Each structure stands twice: as structure tokens, then as C-alpha cells.
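Chains, contacts and geometry: an overview
If you want the building blocks of each chain, they are given just below.
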Amino acid sequence: MAIKKCENCRHQFKWSQIFGSIFAFHALIKCNACGQEYKVSSSSRLIHELIVIAAILMLSLFLSSNPQISFWGTGFGILIAIIILISSFFPFYAKYQPVE
Ligand SMILES: [Zn+2]
């Protein structure tokens, strides 16, 4: 598990750069050293989305068994926290492919 390095120049991508791209709908990441662009592999993206969906399902089960917790208050806060937590690990396992 390591954060992506540029395949051309071995420039190390920053965690924050990959993390930020997730919230821009998995935008391309660009090497700051040589300008090579990379797109996230569809399998990494799928894994991330499945984990997020599983977390949302578990949260909705939890909320439905705890009706005193309102979704639009606490539940929504928990949801955002879970998505940020899951996404913070994404840069460590995400695979990126160079864009031609
Ligand atoms: Zn590079």
C-alpha cells in the first residue's frame, strides 16, 4: 500500500492531491514534475464506491433501529464523517493509469 508515484519521473503524488480528486468526481491527477496525467482505474473506483454504499447501508440499518436519531441531524453528520474516513484511505490503495 503506497501512494502513487509518477511512472515517468518517480515523482511522489501527495495524499491531499488524490484525496481532493475523489471529491471532484475522481478527476484526473497531474504530475507536478512532468505534467503526466493519470486517471483512476475503474476497479479502484468501483471498490471505493462499494465500500461507501456498504457503509451507507449499515448506517441506514443503524438509524432504523435507533429511531431517536434523526437522519437530517446526527445521521447526516455520521454519513459525511464515514465518507471522509473511507476516502482518506483511498490514496493508499487506488490504482492510476497514465492518460495518453
Ligand atoms: Zn512525472
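Values in this document were obtained by computation on a predicted structure and should not be read as measured data. (Residues numbered from 1 in each chain as written. Predicted model: local features only at pLDDT ≥ 70, side-chain atom pairs only at ≥ 80, totals over all residues.)

**Concerning the UniProt feature "transmembrane region" (unreviewed entry) in the protein**
Feature annotation in UniProt places "transmembrane region" (unreviewed entry) on residues 46–63 and 69–94, given in this structure's numbering. With 88% helix and 0% strand, residues 69–94 has its two end C-alpha atoms placed 34 Å apart. (UniProt positions renumbered as here; feature names shortened; annotations may be inferred. Helix = DSSP H or I, 4+ residues; strand = E, 2+ residues; numbered from the N terminus.)

**Things to note about unusual backbone geometry**
Peptide bonds are mostly trans, and most non-glycine residues show a negative phi. A positive phi is found at Arg-10, a non-glycine position, where the angle reads about 65°. Tracing the backbone through its elements, the reader meets Arg-10 in the segment before helix H1 (15–22). Of note, His-26 is a non-glycine position whose phi angle comes to about 55°, a positive value. Structurally, His-26 can be placed in the loop between H1 and strand E1 (29–30). According to the C-beta neighbour criterion, His-26 is partly exposed, with 18 such atoms within 10 Å. (Buried ≥ 20, exposed ≤ 12 C-beta atoms within 10 Å, placed from the backbone.)

**With respect to the environment of Phe-25**
Structurally, the position occupied by Phe-25 is in the loop between H1 and E1. Judged by C-beta crowding, with 7 C-beta atoms within 10 Å, Phe-25 ranks as exposed.

**Remarks on the nonpolar core**
In terms of nonpolar packing, the biggest core is built from nine residues, these being Phe-13, Ile-18, Ile-22, Ile-29, Tyr-38, Val-40, Phe-90, Ala-94 and Tyr-96. Ignoring sequence-local partners within four residues, the contact set of Ile-18 consists of Ile-3, Lys-4, Phe-13, Ile-29, Phe-90, Pro-91 and Ala-94. (Core = buried A, V, L, I, M, F, W, Y, C linked by C-beta atoms within 7 Å. Contact = placed C-beta atoms within 7 Å.)

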